[in-house]
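The residues making up each chain are set out below.
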Amino acid sequence: MAFLSVLNVSKAFGAVPAAILQRRLEFRRLSVIDVAGSAFRAFGTVGLALAGLQGTALVLGVLGGVVIAALLPWVWARTPLPRLHATAASELLAYARPACLAGISWMGFQNIDYAIVGARLGAVQAGYYFRAYTLGVEYQNKASQVM
């Protein structure tokens, strides 16, 4: 399982060049990247399993496919070096500060009851409260939104 911790780092490494390819509407190259990653996941996993790696072959096959899909965009898309644009940054921060504060306060509002129940009654009762709330309120909200 420790191998799988590399997946997010690998995906993040290829995110910017892949976004540049999407912005340029280079769908053929994006398709080649997807097919190459999927092919390595499939054939690499089978090859590694036949080589005797058993369950580790699944992890290494997925990891290899993700790494290939993260490296290939770098072949076709040159990424710009990061620079600080002070005007754009100040405009973003003017919006980001209140939005961040609103998001944090909303998360606190949504979860304060769990903290109170957990502090007063303990973790088991907080778990029961969470499950009861989920069954009583959240599922009905999901069903009503679909309807």
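Look up: the structure comes first, before these words.
Residues numbered from 1 in each chain as written. Predicted model: local features only at pLDDT ≥ 70, side-chain atom pairs only at ≥ 80, totals over all residues. Heavy atoms only, no water.

> So what about the nonpolar core? Which residues, and what values?
Core analysis: the largest hydrophobic core is formed by five residues, namely Ile20, Leu21, Leu30, Ile33 and Ala77. Secondary-structure elements contributing two or more residues to this core are helix 1 (6–23) and helix 2 (27–53). Once residues lying within four places of it in the same chain are set aside, the contact partners of Ala77 are Pro17, Ile20, Leu21 and Arg24. (Core = buried A, V, L, I, M, F, W, Y, C linked by side-chain atoms within 4.5 Å. Buried < 20%, exposed > 50% of the residue type's maximum accessible area, 1.4 Å probe, protein only. Helix = DSSP H or I, 4+ residues; strand = E, 2+ residues; numbered from the N terminus. Contact = heavy atoms within 4.5 Å.)

> Tell me what's going on with helix 4 (residues 86–121), and back it up with residues and numbers.
Taking 1.5 Å per residue, 36 residues should reach 52 Å; helix 4 reaches 50 Å between its end C-alpha atoms and fits that length. At Asn111, helix 4 shows its maximal bend, which comes to roughly 50 degrees. A positive backbone phi angle near 105 degrees is found at Gly122, which sits one or two residues after helix 4. (Expected span 1.5 Å × (residues − 1). Bend = angle between axes of the 7 residues up to and from the residue.)

> Give a description of the pattern of salt bridges that names residues and reports values.
Using the criterion set out here, one finds two salt bridges in the structure. Across the pair Arg24 and Glu26 runs a salt bridge, and its minimum N-O distance is 3.8 Å. When its relative accessible area of 41% is taken as the criterion, Arg24 is described as partly exposed. Judged by its relative accessible area of 21%, Glu26 falls in the partly exposed class. With a closest N to O distance of 3.1 Å, Glu26 and Arg29 form a salt bridge. (Salt bridge = Lys/Arg side-chain N within 4 Å of Asp/Glu carboxyl O.)

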